[in-house]
Amino acid sequence: AMGIAEEEHGDFHAACKALMKTGRIVLGAKNALLLPDPPGKIVGTFRSNPRGFGFVIPSTPNSHGDLYIPAGNSGGAITGDTVAARVVSRGKRRGRMMYEGRIVEIVQRGQSRFVGELRRQFDRWFVVPDGGALHGPIFVPDAPSKRGRPGDQVVVEITQFPAERTEARGVLVRVLGKRGEPGVDTASIIEQYQFPHDFPPPVLEEVRRAAVAYDPESLAMAREDLRELTIITIDPDDAKDFDDAISLTENRDGTVELGVHIADVSYFVDDGGALDAEAKARSTSVYLTGTVVPMLPEALSNGLCSLQEGEPRLTKSAFITYDRAGRVRGARFANSVIRSTKRLTYTQAQAILDAKGPRVSAKVRALLQRMDALARAIQRRRRGEGMLTLDLPEVELVLDDHGVVTAVSPKDTSFTHTIIEMFMVEANEAVARLLHKRRVPFLRRVHEPPDADSGEGLEKFLGVLGYRLRNFRDRAKLQALLDESHGRPEAFAVHLAVLRSMQQAEYSPLTLGHYALASDHYCHFTSPIRRYPDLTVHRLLDAHLRNDLETARQEGTIPTGTELAKLGQHCSATERRAEAAERELRLVLVLRLLEKQLGETLPGIVTGVANVGIFVQLERYLVDGLLKLEDLGDDWWEVESSAGSVVGQRSGMVFRIGDRLPVTLARIDLPNRQLQLSLPRRAGKRAGERRRGEGATRRRRRARR
């Protein structure tokens, strides 16, 4: 109706999404584009703060963004609740109208089950909930009858939500075990995030029928048979499912053909069946320390679909041809059957490349060497095209035989990780290019550039550190800056600031590209065992290989853009939930380890400043703790948020993001996932060594030791 040409649809959708993000327009019923409602009343998700205030994140974008809710105005809402709030103007600040609100209705409760520690005091039983959703105790009169004991980790169902003059009350649903015992923390996170447990009987019955009918010999007749080809898998030491394998063939003209072979999950999971519905609902596997909540039953994820060494397996193969410079010269795709020649771990593969073992056949060794050379050429090409590479440390948890964390160790960063990463990115991109060329709507993996506020904030912060970035959307300049900072004291601060300025990648049918990968068309194809979006892409590729795309399009069996948008929102949300659970469990396990080290002084790096104090990340453990302003010493402390620093007006001491700082472990609050730090001695720099950021906001606080 607006005369938008088909080739302009991508740009049109991108422009509309940008307008929605800035609150200029909103998406209404039946995909109608509307002006935002005027300030007055909004509906959104409430996020509370332990100090009483909170924010409402609007369900639809508006001109004033998140709404601040002062203490005493939450109307009994807790974190995660969908609420309606009345908006009140607070006047202008720095030329911008400011708003606050009062919650007038709880539209829907976000959750009613909580996990926490059972306690008894003054002859009353109560649960101290974990996490930040509920900040007060839940009283449970039925605790003795459920055989709960003080110190148990329990699941409680709320029967009376807290209000200003009403305490929270509930009933015990389940006793998970003694708090701190092996496995209890993991079980708590599973319950807290409401991850599913066992698979329903109809799902298991579908899997059983698929296993009985599986006959690779007969299936190979209708597929490209690659069982005699040298093919390997490279995965982490503790991997249980192997969904990608690699081959590499040299051609006479000097080009090479990379084969990326992905487990053909779509063969076993019928679209619309019980197994498909369960996989869609879960949409992702959740990898918690020491365990996994799988998207698919183990008979598939660890069995029929797993590309185990020596076993014939069904795959979908992407064959990509490269010249010596790592440039793509062509691509083809096939339904195939493979037999993995060798299963290697990342450390084993790197040792072979470094001529340190283990012993493998000459064919496997030669394949690894060719893979290494091609991956380096691809990496050089992609970096030249604008792919961003951040250098931030990671650690792995070391578990004993009982699943208890005993230490942390730096994560392996050998180049074999990059080899597989480059090949997976190339395969994902090749499939996305194919589907885009065929003009088929599909679930893309999109990553938009930093928004204006984040980008401008990044430029100002980098300026404080002495770096000049004129255009934050110019990936080449941004990567040059990242390379320039490498190895310098402020490198961590620079790379962390760039990461925090980025938007989250998500699933969407819109042609928005992938900013960090410098890719115009990108999707997820390489992990269908653990990601539902990959499974949807496999089905489209299968239709292409059968020459059925046009028929499917005419019959309406290909999902529409609207359907894909809804699915993308669901998959993005479940992905974020899984990532949050994984992070929180790692934090809990590390805090339990640090409980044994209270009073010790450890090296840290300042990662943030706020009116409450300085956030410091422990270098060895990569967890953040809070160093309160009142613990910095007897001084007037000025917080310069835009400059990322805290300055003592009398002493001249400066604490800036990126500074290395020794801190003492003072207190651990496990229910609230908080680490409190103290300062063992004077640390920081003279105030004269700093440069103030333009437009710095300041807050002074008198602190006495």
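Just so you know, these numbers come straight off a predicted model, no measurement behind them.

A.B. asks: What is the right way to look at helix 10 (residues 415-437) in this model?
C.D. replies: For the α-helix, the turn length of 3.6 residues means that residues three or four positions removed from each other point alike. The end-to-end C-alpha separation of helix 10 is 33 Å, in line with the 33 Å expected for 23 residues at 1.5 Å each. In terms of residue burial, helix 10 counts as a mostly covered element, since 18 of its 23 residues are buried.

A.B. asks: Got a minute to help me understand the environment of Arg546 in this structure?
C.D. replies: Residue position: Arg546 is located in the loop between helix 14 (532-545) and helix 15 (549-555). Separated by 212 residues in the primary sequence, Arg546 and Ala334 place their C-alpha atoms 9.9 Å from one another. A distance of 2.3 Å separates a polar atom in the side chain of Arg546 from a polar atom in the side chain of Asp542.

A.B. asks: Honestly, the side chain of His514 in this entry has me stumped. Any pointers?
C.D. replies: When you line up the elements, His514 lands in the loop between strand 25 (506-508) and helix 14. Here Leu517 takes part through its backbone nitrogen, which lies 3.2 Å from a polar atom of the side chain of His514. Contact partners of His514, with chain neighbours within four places excluded, come to Arg445, His447, Ala505, Ser519 and Tyr522.

A.B. asks: For this particular structure, what's the right way to read empty space enclosed by the protein?
C.D. replies: The rolling of a water-molecule-sized probe over the atoms marks out the regions of remaining empty space. For the structure on display, the rule yields 2 cavities of 30 Å³ or more. In this structure, the largest cavity spans a volume of roughly 50 Å³. What lines the largest cavity is Phe195, Pro196, Arg282, Thr284, Val286, Val293, Pro294, Thr574, Arg577 and Ala578. In terms of residue count, helix 16 (residues 561-594) provides more of the lining of the largest cavity than any other element does, 3 residues in total. Among the residues forming the lining of the largest cavity, the class breakdown is 6 nonpolar, 2 polar and 2 charged. Here the second largest cavity defines a volume of roughly 50 Å³. Around the second largest cavity sit Asp130, Gln153, Arg179, Asp185, Ser188, Ile189, Val588, Arg592 and Arg673, which together line it.

A.B. asks: How should the packing of aromatic side chains be read in this particular structure?
C.D. replies: For any pair of aromatic rings, the description rests on two quantities: the centre-to-centre distance and the angle between the ring planes. Enumeration over the complete set of coordinates arrives at 8 aromatic pairs. Between the aromatic rings of Tyr214 and Phe268, the centroid separation amounts to 5.6 Å while the plane-to-plane angle is 55 degrees, which identifies the pairing as tilted. In this pair, Tyr214 sits in the loop between helix 3 (201-213) and helix 4 (216-220) while Phe268 sits in helix 5 (residues 265-268), placing the two residues 54 residues apart along the sequence. On the basis of relative accessible area, Tyr214 is assigned to the buried category, the value being 14%. On the basis of relative accessible area, Phe268 is assigned to the buried category, the value being 6%.

About the cut-offs
Residues numbered from 1 in each chain as written. Predicted model: local features only at pLDDT ≥ 70, side-chain atom pairs only at ≥ 80, totals over all residues. Heavy atoms only, no water. Helix = DSSP H or I, 4+ residues; strand = E, 2+ residues; numbered from the N terminus. Expected span 1.5 Å × (residues − 1). Buried < 20%, exposed > 50% of the residue type's maximum accessible area, 1.4 Å probe, protein only. Polar contact = N/O pair within 3.5 Å; in protein donor to acceptor, adjacent residues only side chain to side chain. Contact = heavy atoms within 4.5 Å. 1 Å grid on protein atoms, 1.4 Å probe; cavity = no way out; pocket = protein on both sides within 12 Å on 5 of 7 lines; lining within 4 Å. Points joined across faces, edges and corners; volume = space filled by probe spheres on them. Nonpolar A, V, L, I, M, F, W, Y, C, P; charged D, E, K, R; others polar. Phe/Tyr/Trp six-rings, centres within 6.5 Å; stacked < 30°, edge-to-face > 60°.

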